[in-house]
2 protein chains.
Amino acid sequence: MKKQLKIVKIGGNVINDSAQLDAFVHDFAKLDSLKVLVHGGGRKATEIADSLGLEPKMIGGRRVTDEANLEIVTMVYAGLLNKKIVAKLQNSDCNALGLSGADANLIQAHKRIVKDIDYGFAGDIDLVEGKTIGLFLNGGLVPVFSAITHDKKGQLLNTNADTIAAELAKELSHDFEVELVYCFEKNGVLQQVEDDDSVIQQIDKNKYELLKNSGVIAEGMLPKMENCFDALQGGVHKVHIGNPALVSDMNLKHTTLML
Amino acid sequence: MKKQLKIVKIGGNVINDSAQLDAFVHDFAKLDSLKVLVHGGGRKATEIADSLGLEPKMIGGRRVTDEANLEIVTMVYAGLLNKKIVAKLQNSDCNALGLSGADANLIQAHKRIVKDIDYGFAGDIDLVEGKTIGLFLNGGLVPVFSAITHDKKGQLLNTNADTIAAELAKELSHDFEVELVYCFEKNGVLQQVEDDDSVIQQIDKNKYELLKNSGVIAEGMLPKMENCFDALQGGVHKVHIGNPALVSDMNLKHTTLML
């Protein structure tokens, strides 16, 4: 029987708020299955870019990464945030190992092909080294991924953290029974965007099409949902979307995705 | 018989010069023993601090680390430089794994006790997790350490890279036959500081005392030499000091330390 593995993704909302981050770290450290954390960026990269007089550019909800911005996200995501989170987890007796995709060649990507838009140094994932991650997990370590990958030719790349979580989940499903938990600022996918209680508790592929066509699911949620269904199709056991407190109590109202 | 392990430390002189860094990475990747890289900081942290309007403070050759400067060195050392070096090594087919001392609790330290001078968030090392580093080495990985540690209570600490290299060498000497190689901007310890050919090829503890008393070895070299003898006393097989080209050719003129 495969061992259970939880892959949890947190975003800027948790990272920007130090009380919320401490609470999350405390809950995540207590999870008693094997586990992996993937974290996004948050406000700090923008603050540093502002202080250095750089203007961050966004297209379609994704940061356009020129060379100067790549240096900043590498510093902030793989350096400051990753090591702060690792140090906090260590304080909670969780043996965290901070990683980028360049480390041990764990996540190899290529620079996104330019079609209409040049996203700059944005990486699309080609390969996840599941065996090495398995070695870490079986050695009692808790991998903590920042959203930086590389192309194996010496180039670092900025990569969407939701996609990293989904690709890790798919690859690790070969050796583990994987549950993927996306934590964000809402309680789940909402029927009415202003009503945080209107959580849609189960969404399958058919319902997703209906919700998309009726406009209930739109904008930033679309790529997130695509990642979820992609993960399920790739063999991931379960996918959940909800707020960070989900990590300590899976009975909290949230959205569960299924094929 | 113990397996051979080389621990190589490079400083700012290599990191600041991109051609020199590329040459070093190429040579280091080709080393066919087990190996560990420890890297210092270089100019970039000071540049970022300047851009953000922070003034770096130095006392006795060591950076005084307030909270804002700790954030910067964490970003630059553990993020930007560490991941750039890892990506370059991966390009040279060296399976590098970038690390800080917080990761997997590999290097635990405490905030330096304030006597005459308050060095701020500077870490003095208490413990190295040799078993976990051994697991990485035996798994075919090449650990690459930035000079950031932690106190296991959630606090990151800025730590001297020479000392990290010496402490790693001592701890790993339990399981490996360790050679420690300090690369810096000179060809070795020099009899006349302006003459790069005046390398003193062998220094033992007695000769060190003589060189110190006569003022040949002074200032920045003193803590470096103390680290070397400390490593030898702690069971390290050999310690070498020279320029970065030593890594590809140990027959180059350089200084070898012995007890």
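Small disclaimer: the values here were computed from a predicted structure and weren't measured.

**Q** Would you mind showing me how to read the overall build of chain A here?
**A** When helices and strands are tallied, chain A shows eight helices and 14 strands. In summary, chain A has a C-alpha radius of gyration of 17 Å against a globular reference of 18 Å for 259 residues, a match within 12%. Projected onto the principal axes, the alpha-carbon positions of chain A cover approximately 45 × 40 × 35 Å. Residues counted as buried form 52% of the 259 residues belonging to chain A. For chain A, long-range pairs separated by at least 24 residues make up 73% of all intrachain contacts whose partners lie at least 6 apart in sequence.

**Q** Looking at this model, I keep getting lost on the sheet that holds strand S13 (residues 238–242) of chain A. Mind explaining?
**A** Paired through backbone hydrogen bonds, the strands of a sheet run either parallel or antiparallel to each other. Residue and element names in this part refer to chain A. Pairing within the open sheet is mixed, and its eight strands lie in the order S5-S8-S2-S1-S11-S13-S14-S12. The sheet is open, and its two borders are formed by strand S5 (96–99) and strand S12 (202–203), each paired with just one other strand. As judged from the four bridges shared by S5 and strand S8 (residues 142–145), these two strands associate in the parallel manner. The partner of Leu 97 across the bridge, within S8, is Pro 143. Across the face of the sheet, helix H6 (residues 161–172) comes into contact with strand S1 (3–10), strand S2 (34–39), S8 and strand S11 (176–183) while running at roughly 165 degrees to S11.

**Q** Explanation requested: helix H2 (residues 18–30) of chain B in the structure shown.
**A** Residues that lie three or four places apart on an α-helix share one face, since the helix turns once every 3.6 residues. All names here are of chain B. Look at H2: 19 Å from first C-alpha to last across 13 residues, which is about the 18 Å you get at 1.5 Å a residue. For H2, every residue scored as buried is listed here: Leu 21, Phe 24, Val 25 and Phe 28. Each buried residue of H2 lies within a common arc of 105 degrees when the element is viewed along its axis, so the set occupies one face. Exposed side chains of H2 directed beyond 90 degrees from the buried face belong to Ala 19 and Lys 30. For H2, the elements touching its buried residues are strand S1 (3–10), helix H1 (12–15), strand S2 (34–39) and helix H4 (67–91).

**Q** What's the story with the sheet that holds strand S8 (residues 142–145) of chain B in this structure? I'm lost.
**A** Residues and elements named next belong to chain B. Sheet architecture is open: eight strands sit in the order S5-S8-S2-S1-S11-S13-S14-S12, paired in mixed fashion. The open sheet terminates on both sides in strands that have one partner only, identified here as strand S5 (96–99) and strand S12 (202–203). When S2 meets S8, the two strands line up parallel, connected through two bridges. Across the sheet, residue Val 38 finds its bridge partner in S8, namely Phe 145. The sheet contacts of H4 involve S2, S5 and S8, and relative to S5 the element is tilted by about 175 degrees.

**Q** Got a minute to help me understand the environment of His 254 of chain A in this structure?
**A** Residue and element names in this part refer to chain A. With respect to the secondary-structure elements, His 254 resides in the loop between S13 and strand S14 (255–257). Each C-alpha atom of the pair His 254 and Asp 151 lies 36 Å from the other, and the pair is 103 residues apart in sequence. Among residues more than four places away in sequence, those in contact with His 254 are Asn 187, Gly 188, Val 199, His 240, Ile 241, Gly 242 and Leu 246.

**Q** It is not clear to me how the confidence of the model for chain A should be interpreted in this structure. Could you clarify?
**A** Do not read the fine detail of predicted coordinates wherever pLDDT is low. Summing up the model confidence of chain A, the mean pLDDT is 94 and the portion of residues at 70 or higher is 98%. Model confidence for the complex is summarised by a pTM of 0.96, with the ipTM given as 0.96.

**Q** I'm lost on the interface of chain A and chain B in this one. Help?
**A** Much of the literature gives interface size as the accessible area that the parts lose upon coming together. On the chain B side, the residues contacting the 34 residues of chain A number 34 residues. For the side of chain A that touches chain B, the secondary structure elements donating two or more residues are helix H4 (67–91), S5 and strand S9 (148–150) of chain A. Counting residues per element, the side of chain A that touches chain B draws most heavily on H4 of chain A, which supplies 14 residues. Here the side of chain A that touches chain B is composed, by residue class, of 14 nonpolar, 13 polar and seven charged.

**Q** How should I be thinking about the nonpolar core in this particular structure?
**A** Side chains that are nonpolar tend, in soluble globular proteins, to be buried together. One finds Leu 180 of chain A together with Leu 180 of chain B to be the most contacted residues of the largest nonpolar core, which totals 164 residues. Aside from chain neighbours lying at most four places away, what touches Leu 180 of chain A is Ile 7, Ala 165, Ala 166, Ala 169, Ala 231, Val 236 and Val 239 of chain A.

Parameters and conventions
Residues numbered from 1 in each chain as written. Chains lettered and ligands numbered in written order. Predicted model: local features only at pLDDT ≥ 70, side-chain atom pairs only at ≥ 80, totals over all residues. Helix = DSSP H or I, 4+ residues; strand = E, 2+ residues; numbered from the N terminus. Rg over C-alpha atoms; globule rule 2.2 N^0.38 Å. Buried ≥ 20, exposed ≤ 12 C-beta atoms within 10 Å, placed from the backbone. Contact = placed C-beta atoms within 7 Å. Pairing = 2+ DSSP bridges. Axes fitted to C-alpha atoms, helices over the stretch in contact; angles between N-to-C directions. Expected span 1.5 Å × (residues − 1). Arc of directions from axis to C-beta. pLDDT = per-residue confidence, 0-100. Nonpolar A, V, L, I, M, F, W, Y, C, P; charged D, E, K, R; others polar. Core = buried A, V, L, I, M, F, W, Y, C linked by C-beta atoms within 7 Å.

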